[in-house]
Amino acid sequence: MLFGLDFPPVSHLVEWPAIWGSGALAINKVVLEMFLTAVLVIAFFMIAGRRRALVPTGAQNVAEAAIEFVQDGIIMQTMGPDGLRYTPYLLTLFTFILTANLIGLVPGIQMPAMARYATPLFMAVMTYLIYNVVAIVKQGPLKYLRGVMFMPGVPKAMYVLLTPIEFFTVFLIQPFSLSLRLFANLLAGHLILVTFAVLTTALWEATKVGFVLPFALLVALTGFELLVAFLQAYIFTILSAVYIGRAMHPEH
Amino acid sequence: MLLHLLAPLHFFATQDSGELLKGLTAVGRGIVYGGAAIGPGIGIGIVVGNAITAMARQPEAAGMVRTTMFLGIAFTEALALFGFVLAFIISG
């Protein structure tokens with residue numbers, strides 16, 4: 001109860017009953033959203049790549065803009081030209097997160113799939129595995145570990161402090177901070193939208209007129225969440241690129 | 001002074017402990033998130049402010065500065081989000 005308003009507990013806002021199956025393999029609303037996202041992204045690129053016209057039109061135009069954005073805006077800025085091999089992975093990450101976030105904002109669905117921690121965590125673990133494997137293959141395990149724990153160009157005495165920090169950051173905290181950023185941003189956005197939706201319904205029931213103000217804010221915040229949806233997809237992708245790039249080219 | 005501050009605690013201790021736990025949990029959540037938001041708030045301000053200065057001085061480098069700015073924001077913001085998640089994990 002807050003100002004006489006019955007605010008639902010957080011667990012009611014993000015947990016959905018299973019539609020089919022039970023336990024860990026149950027299919028609920030969030031899982032359906034992820035399936036829909038995957039189908040949409042795959043279908044979009046299939047349609048875009050079906051007829052490769054020299055002068056792109058329609059879907060091909062959008063797909064080429066997305067690829068260009070990932071290549072020029074993300075990979076070239078952080079990994080350099082030899083990072084272009086990772087375009088498929090990073091493009092998949094970017095389009096999947098962006099589409100999932102946008103679907104989560106559609107009125108009537110309004111539940112971002114990334115607001116359940118398992119979704120971003122899985123993608124972060126994938127990035128974690130990729131950058132560790134790339135570093136071990138490119139640098140060799142011992143050199144990789146030395147590069148992480150004893151970063152060059154630092155006074156010797158600083159290693160007492162830096163070695164444990166760097167070790168835990170790279171091997172333990174990085175996947176969590178990468179996924180938590182996406183998760184917490186979307187959960188926070190979801191909660192803010194729910195707050196104003198609850199206010200709107202409460203004021204509609206009580207006064208019929210007073211709902212205008214929270215409803216206007218609800219619409220404005222949905223617009224703001226569109227920005228967050230794009231920004232978080234961008235940040236997740238660019239950080240994945242930075243981590244993989246660091247594994248490819250260690251600091252000398 | 002300290003006694004005056006602790007007086008409400010004595011009052012609460014005589015109340016129903018379930019209610020007390022709930023109230024203290026809510027207070028704890030507020031303090032955790034509020035505290036976690038201070039540092040990153042200042043940090044993001046510094047990052048963006050300096051990025052704007054850099055862009056104003058060298059508009060031709062704006063693209064590169066913007067990419068780095070978003071990276072800096074993302075790293076700084078993570079701390080506030082840890083606090084946000086921790087606030088939910090705390091339960092009475």
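Residues numbered from 1 in each chain as written. Chains lettered and ligands numbered in written order. Predicted model: local features only at pLDDT ≥ 70, side-chain atom pairs only at ≥ 80, totals over all residues. Heavy atoms only, no water.

**Concerning the overall build of chain A**
Along chain A, the regular secondary structure elements total eight helices and zero strands. Dimensions of chain A, computed from the C-alpha atoms along their principal axes, are close to 70 × 55 × 40 Å. The burial tally for chain A puts 43% of its 252 residues in the buried class. Contacts in chain A between residues far apart in sequence, at least 24 positions, make up 69% of those at least 6 positions apart. (Helix = DSSP H or I, 4+ residues; strand = E, 2+ residues; numbered from the N terminus. Buried < 20%, exposed > 50% of the residue type's maximum accessible area, 1.4 Å probe, protein only. Contact = heavy atoms within 4.5 Å.)

**Looking at the overall build of chain B**
What chain B contains, in helices and strands, is three helices and zero strands. When the elements of chain B are put in sequence order from the N terminus, they spell out α-α-α. For chain B, buried positions account for 25% of its 92 residues. A separation of at least 24 residues holds for 76% of the contacts in chain B among residues at least 6 apart in sequence. Of the roughly 6200 Å² of accessible surface on chain B, 73% is carried by carbon and sulfur atoms. (Areas by Shrake-Rupley, 256 points an atom, 1.4 Å probe, with all protein chains shown as cover.)

**Describing the packing of helix 2 (residues 29–50) of chain A against helix 3 (residues 58–78) of chain A**
All names here are of chain A. Look at helix 2 against helix 3: their axes get within 8 Å of each other, and the N-to-C directions meet at 110°. The angle between the axes of helix 2 and helix 3 places the two elements in the roughly perpendicular class. Like other packed secondary-structure pairs, helix 2 and helix 3 cross with a definite hand, here left-handed. For the pair helix 2 and helix 3, the contacting residues are F44, F45, I47 and A48 in the first and A59, Q60, V62 and A63 in the second. (Axes fitted to C-alpha atoms, helices over the stretch in contact; angles between N-to-C directions. Parallel < 35°, antiparallel > 145°, perpendicular 65-115°, else oblique. Left-handed = near helix turned anticlockwise from the far one by under 90°.)

**Re the interface of chain A and chain B**
Chain A puts 20 residues into the contact, and the matching count from chain B is 14 residues. Here chain A and chain B share an interface that buries about 1400 Å² over both sides, 81% of which is from carbon and sulfur atoms. There are zero salt bridges connecting chain A and chain B. Our count for the chain A to chain B interface comes out at two residue pairs in polar contact (both at pLDDT 80 or more). Put simply, the parts of the chain that give the side of chain A that touches chain B at least two residues each are helix 3, helix 7 (159–206) and helix 8 (212–248) of chain A. Per-element tally for the side of chain A that touches chain B: the top contributor is helix 7 of chain A, with nine residues. Residues belonging to the side of chain A that touches chain B are distributed by class as follows: 14 nonpolar, five polar and one charged. (Buried area = accessible area lost by both parts, 1.4 Å probe. Salt bridge = Lys/Arg side-chain N within 4 Å of Asp/Glu carboxyl O. Polar contact = N/O pair within 3.5 Å; in protein donor to acceptor, adjacent residues only side chain to side chain. Nonpolar A, V, L, I, M, F, W, Y, C, P; charged D, E, K, R; others polar.)

**Regarding helix 4 (residues 87–103) of chain A**
Here helix 4 of chain A contains 17 residues, and its C-alpha end-to-end distance of 24 Å stays within 8% of the 24 Å for a straight helix at 1.5 Å per residue. Of all 17 residues that make up helix 4 of chain A, 14 are buried, and the element is covered over most of its length. (Expected span 1.5 Å × (residues − 1).)

**Description of the environment of A241 of chain A**
All names here are of chain A. Structurally, A241 can be placed in helix 8. Exposure remark for A241: the relative accessible area of 0% places this residue in the buried category. Sequence spacing of A241 and V170 is 71 residues, and the spatial spacing of their C-alpha atoms is 14 Å. In this view, A241 contacts I74, T78, M79 and L90; residues no more than four positions away in its chain are not counted.

**Topic: helix 3 of chain A**
With 21 residues, helix 3 of chain A should reach 30 Å at 1.5 Å per residue; the first-to-last C-alpha distance of 30 Å fits that figure. Taking the largest bend as the criterion, helix 3 of chain A deviates by roughly 25°, centred on Q71 of chain A. When we look at burial in helix 3 of chain A, the residues that qualify are Q60, A63, A66, V70, G73, I74 and I75 of chain A. If you follow the buried residues of helix 3 of chain A, they end up packed against helix 2, helix 4 and helix 8 of chain A together with helix 3 (62–89) of chain B. Looking at the residues trailing helix 3 of chain A, positive phi occurs at G80 of chain A, about 85°. (Bend = angle between axes of the 7 residues up to and from the residue.)

**Topic: the packing of aromatic side chains**
For the coordinates displayed, the defined rule picks out 18 aromatic pairs over all chains. Between Y117 of chain A and F183 of chain A the ring centres are 5.1 Å apart and the planes differ by 55°, which places this aromatic pair in the tilted class. Taken together, the residues Y117 of chain A in the loop between helix 4 and helix 5 (118–139) and F183 of chain A in helix 7 connect sequence positions 66 residues apart. When the ring of W204 of chain A is compared with that of F211 of chain A, the centres are 5.1 Å apart and the planes differ by 85°; the resulting orientation is edge-to-face. For W204 of chain A, a relative accessible area of 41% corresponds to the partly exposed category. On the accessibility criterion, F211 of chain A (22% relative accessible area) is partly exposed. Ring pairs connect the aromatic residues F69, F94, F230 and Y234 of chain A together with F70 of chain B, which therefore count as one cluster. One Lys or Arg, K208 of chain A, reaches over the ring of W204 of chain A and ends 4.6 Å from the middle of that ring. (Phe/Tyr/Trp six-rings, centres within 6.5 Å; stacked < 30°, edge-to-face > 60°. Lys NZ or Arg CZ within 6 Å of the ring centre and 35° of its normal.)

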